[in-house]
Amino acid sequence: MSRAQWSPRRWRDLPAAQQPDWPDADALERVLKELGDLPPLVFAGEARTLTASLAEVAAGKAFLLQAGDCAESFAEFSADDIRDKLKVILQMAVVLTYGAGVPALKVGRIAGQFAKPRSSPTERVGDLELPAFRGHMVNDDAPDATARIPDPSRLVAAYHQAASTLNLVRAFTKGGFADLAQVHIWNQQFVASSDEGRRYEQIAAEIDRALRFMAACGIDLKAEQSLHQVDFYTSHDALILGYEEALTRMDSLTGDWYDCSAHMLWVGERTRQLDGAHIDFLSGIHNPVGCKIGASTTPTEVVALCERLNPERTPGRLTLITRMGSTAIADALPPLLEAVTAAHHPVVWACDPMHGNTFVSDGGHKTRRFDDILTELKGFFTAHHAAGTWPGGVHLELTGDDVTECLGGFGDILEGQLHERYTTTCDPRLNARQAIDLAFRVAELLRA
Ligand code: PEP
Ligand code: CO
């Protein structure tokens, strides 16, 4: 099946995993038609710029920081929430760039990350066996059977929330908030009082001094746009294919198809079947795309995915996001690095150290240990150093809030504390302090 014969609706003829059982097919089609008439959220030219930046990552000249919520929430949606998430990502980027001397390419799991693949179609909540929560784009997380019925009007609500989120993200990143002169302001109170917050403050103070030094040397800092704005891109799991199809538009400049719901789209471990609808959909759009790769992936499979998603071997087009688990990565990753290198595929390799390390605590909370996350990251760097490939980036679930969802880190969250501020609608996220702690560790690994 070639790209020339591709159309945004071709996926409909293929087996599509993880699609909701929409109760009313006509209502769904009406909503998809409505979405198809709405403006795109991003432009093709922006997606091309991201591909070019990802090509720098593939070439070992930059590092990808892809981070945000596991599942964005319709309920937890405010300017403060978006700003605080941006703050953490900007702080992490500063730590990485300053600490390792490598430019950090910032891509959020934001403005569209509303749908979740699930391991089981049902879940137990107390005594109830309910249809699984599939993300606010599909159903509600409230523990009641009616709330779990898929409702297509949620697709439109997701579009509008994505649009206003993106609007604010653009304002924050281009309108002065992301100015390097604001580097202190990004440090939130609850972070600033911690060890890692103080470590961050040291870097911020050094950046201040460097800026003053450059100004004293006669460099016109005002004219240096890169000091005052950042490029920030959006991404999400292209799970609900009707939504993605409706936002896929032909670029008038090139005649190519772009999924204008986000700059970058990825498919997850549960939807990356070679003959499946999701891989076919990603194969036709011209955005940069990602594919999650679990520990059971074989070298043959990964090379076939590369051929399918990037037959022209365009650098920056494909990011492989490994999510293997802290104990599996040492054995599972090296054969894949070898196979992809031997096949001359110029991929970005990113490490998702979250999804292979999830477990349920005695108290019933889905959680992850900071130490396991770190161990998987170390395994990622070790495997790449041995293979001579570039450990190109990280893919993280985090929030700007002071949540208690992941165990450990400098704040040393214990199992008995998980219930205190556990607000995620899906997977456990790093809080801002743990995220900055992690950025320092990654900077050390990058320097080594
Ligand atoms: C996710 O990124 O939230 C996710 C579900 O990942 P994966 O598809 O790798 O399990
Ligand atoms: Co997740």
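See the structure shown above.
Description of the structure in this document. Think of each chain on its own: its residues are numbered from 1, step by step along the sequence as written. All chains are assigned letters beginning at A, and all ligands numbers beginning at 1, according to the order in which they are written. Only residues with pLDDT of at least 70 get local features here, since the model is predicted, and only at 80 or more are side-chain atom pairs given and counted; chain-wide, interface and lining totals rely on the full set of residues. Only hydrogens and water are set aside; all other atoms, that is, all heavy atoms of the structure, feed into the side-chain values.

## Some thoughts on the overall build of the chain
Per the convention used, a helix needs a DSSP run of H or I reaching at least four residues, while a strand needs a run of E reaching at least two, with both numbered from the N terminus. For the chain, the count of helices and strands is 12 helices and 14 strands. Atoms counted for the radius of gyration: C-alpha only. Globule rule: 2.2 Å times residue count to the power 0.38. Its C-alpha radius of gyration of 21 Å places the chain within 12% of the 22 Å reference for a compact globule of 448 residues. Principal axes of the C-alpha set define a box for the chain whose edges measure 65 × 55 × 45 Å. In this scheme, a residue with accessible area under 20% of its type's maximum is buried, one over 50% is exposed, and one in between is partly exposed, where area comes from a 1.4 Å probe on protein chains only. Every one of the 448 residues in the chain was classed for burial, and the buried ones make up 57%. For the chain, long-range pairs separated by at least 24 residues make up 75% of all intrachain contacts whose partners lie at least 6 apart in sequence. Only heavy atoms enter the contact rule, under which two residues are in contact if any of them lie within 4.5 Å.

## Quick notes on unusual backbone geometry
Despite not being glycine, Ala111 has its phi angle at roughly 60 degrees, a positive value. By the element assignment, Ala111 lies in the loop between strand E2 (104-109) and strand E3 (122-125). We note that His344 has phi near 60 degrees; this positive angle belongs to a residue other than glycine. Mapped onto the elements, His344 comes out in the loop between helix H10 (329-342) and strand E11 (348-351). Among the residues examined, His344 registers a relative accessible area of 61% and is labelled exposed.

## Describing the nonpolar core
Here the nonpolar core consists of buried residues drawn from Ala, Val, Leu, Ile, Met, Phe, Trp, Tyr and Cys, with membership extended through side-chain atoms lying within 4.5 Å. With 119 residues, the main nonpolar core has Leu155, Tyr243 and Leu320 as its most contacted residues. The element contributing the most residues to this core is helix H3 (residues 79-100), with 11 residues. Look past the residues within four positions of Leu320 in its chain and what remains in contact with it is Cys291, Ile293, Val302, Cys306, Val340, Val347, Val348, Trp349 and Ala350. Counting residues in hydrophobic clusters, the runner-up holds 13 residues, among them Leu50, Val107, Trp266 and Ile321.

## What about the site of ligand 1?
Around ligand 1, the neighbouring residues are Cys70, Arg109, Lys116, Pro117, Gly268, Glu269, Arg270, Lys292, Arg323, His355 and Glu397. Within the side chain of Lys116, an N or O atom sits 2.7 Å from an oxygen atom of ligand 1. Here a polar contact is recorded for every N or O atom pair within 3.5 Å, except that within protein the pair must consist of a potential hydrogen donor and a potential acceptor, and residues adjacent in sequence are included only if both atoms are side-chain atoms. For ligand 1, an oxygen atom lies 2.9 Å from a polar atom in the side chain of His355. All accessible areas in this document rest on Shrake-Rupley with a 1.4 Å probe, and a residue is counted as covered only by the protein chains that are shown. Protein contact buries 98% of the 290 Å² of open area that ligand 1 shows by itself. Amino acids are sorted into nonpolar (Ala, Val, Leu, Ile, Met, Phe, Trp, Tyr, Cys and Pro), charged (Asp, Glu, Lys and Arg) and polar (every other residue, Gly among them). Here the residues of the shell around ligand 1 sort into 2 nonpolar, 2 polar and 7 charged. One heavy atom within 4 Å of a molecule or strand makes the whole residue count as near it.

## Here's the deal with the sheet that holds strand E8 (residues 264-267)
Strands pair, by our definition, only if DSSP identifies at least two bridges between them. Around the barrel, 8 strands lie side by side as E1-E2-E5-E8-E9-E10-E11-E14; this closed barrel has parallel pairing. The mean angle between the axes of side-by-side strands here comes to 25 degrees, regardless of whether they run parallel or antiparallel. Note on geometry: axes are lines fitted to C-alpha atoms, helical ones only across the stretch in contact, with angles between N-to-C directions running from 0 to 180 degrees.

## Considering the pattern of salt bridges
Think of a salt bridge as a Lys or Arg side-chain nitrogen and an Asp or Glu carboxyl oxygen that are within 4 Å of each other. Taken as a whole and judged by the stated rule, the model has 34 salt bridges. Within the structure, one salt-bridge network assembled from shared partners comprises Asp69, Glu76, Asp81, Lys85, Glu405 and Arg429.

## Focus on the coordination of the cobalt ion (ligand 2)
At the metal site, the cobalt ion (ligand 2) is ligated by Cys70 (SG), His355 (NE2), Glu397 (OE) and Asp427 (OD), and these contacts range over 2.1 to 2.4 Å. For Na, K and Ca the donor cutoff is 3.2 Å, while for all other metals N, O and S atoms count as donors only within 2.8 Å; water does not appear among the atoms, so some sites may look incomplete. In the primary structure, the donors to the cobalt ion (ligand 2) are separated according to the pattern C-x284-H-x41-E-x29-D. Of this pair, Cys70 sits in the loop between strand E1 (63-68) and H3 while His355 sits in the loop between E11 and strand E12 (359-360); the two residues are 285 residues apart in sequence, bridging distant segments of the chain. Residues Cys70 and His355 agree in their burial class; the two are buried.

## Section: the pairing of strand E9 (residues 289-293)
With 5 of 5 residues buried, E9 lies mostly within the body of the structure. Of the two faces of E9, the one lined by Val289, Cys291 and Ile293 and the one lined by Gly290 and Lys292 are each fully buried. Where E8 lies against E9, 3 bridges are found, and the strand directions are parallel. When the sheet's bridge partners are listed, Leu265 is paired in E9 with Val289. A crossover gets the label right-handed when its path from the first strand over the helix to the second runs clockwise, viewed with the strands pointing away from the viewer. Taking the sense of rotation as the criterion, the β-α-β connection linking E8, helix H8 (residues 277-284) and E9 turns out right-handed. Sheet analysis places E9 next to strand E10 (residues 318-322), joined by 5 bridges and oriented parallel. Directly across from Val289, in E10, lies its bridge partner Leu318.

## Notes on the packing of helix H6 (residues 195-216) against helix H12 (residues 432-447)
Running from amino to carboxyl end, H6 crosses H12 at an angle of 60 degrees, the nearest separation of the two axes being 9 Å. Relative to H12, the element H6 lies oblique. Of the two elements, H6 crosses H12, and the hand of that crossing is left-handed. Between H6, through Glu196, Arg199, Tyr200 and Ile203, and H12, the contact on the second element is made entirely by Arg433, Gln434, Ile436, Asp437, Phe440 and Glu444. In terms of residue class, the contact of H6 with H12 is built from 4 nonpolar, 1 polar and 5 charged. Here is the rule for angles: anything less than 35 degrees is roughly parallel, anything more than 145 is roughly antiparallel, 65 through 115 is roughly perpendicular, and the remaining ranges are oblique. In this scheme the handedness of a crossing depends on how the near helix is turned from the far one: anticlockwise by less than a right angle means left-handed, clockwise means right-handed.

## Let's talk about the environment of Thr425
By secondary structure assignment, the location of Thr425 is in the loop between strand E14 (393-397) and H12. On a C-alpha basis, the gap between Thr425 and Arg313 in space is 37 Å, while along the polypeptide they are 112 residues apart. Setting aside residues no more than four positions away along its own chain, Thr425 makes contact with Ala71, Ser73, Phe133, His136 and Asp141. Among the polar contacts listed, one links the side chain of Thr425 to the backbone oxygen of Ala71, at a separation of 3.4 Å.

## Focus: helix H4 (residues 153-174)
One less than the residue count of a helix, multiplied by 1.5 Å, gives the span that helix is expected to have. Compared with an ideal rise of 1.5 Å per residue, which puts 22 residues at 32 Å, H4 spans 32 Å between its outermost C-alpha atoms and is within 8% of the ideal. By the burial criterion, the buried members of H4 are Arg154, Leu155, Val156, Ala158, Tyr159, Gln161, Ala162, Thr165, Leu166, Val169, Phe172 and Thr173. Packed against the buried residues of H4 are helix H1 (25-37), H3, strand E5 (232-237) and helix H7 (241-246). Gly176 occupies a position one or two residues after H4 and carries a positive phi of about 115 degrees.

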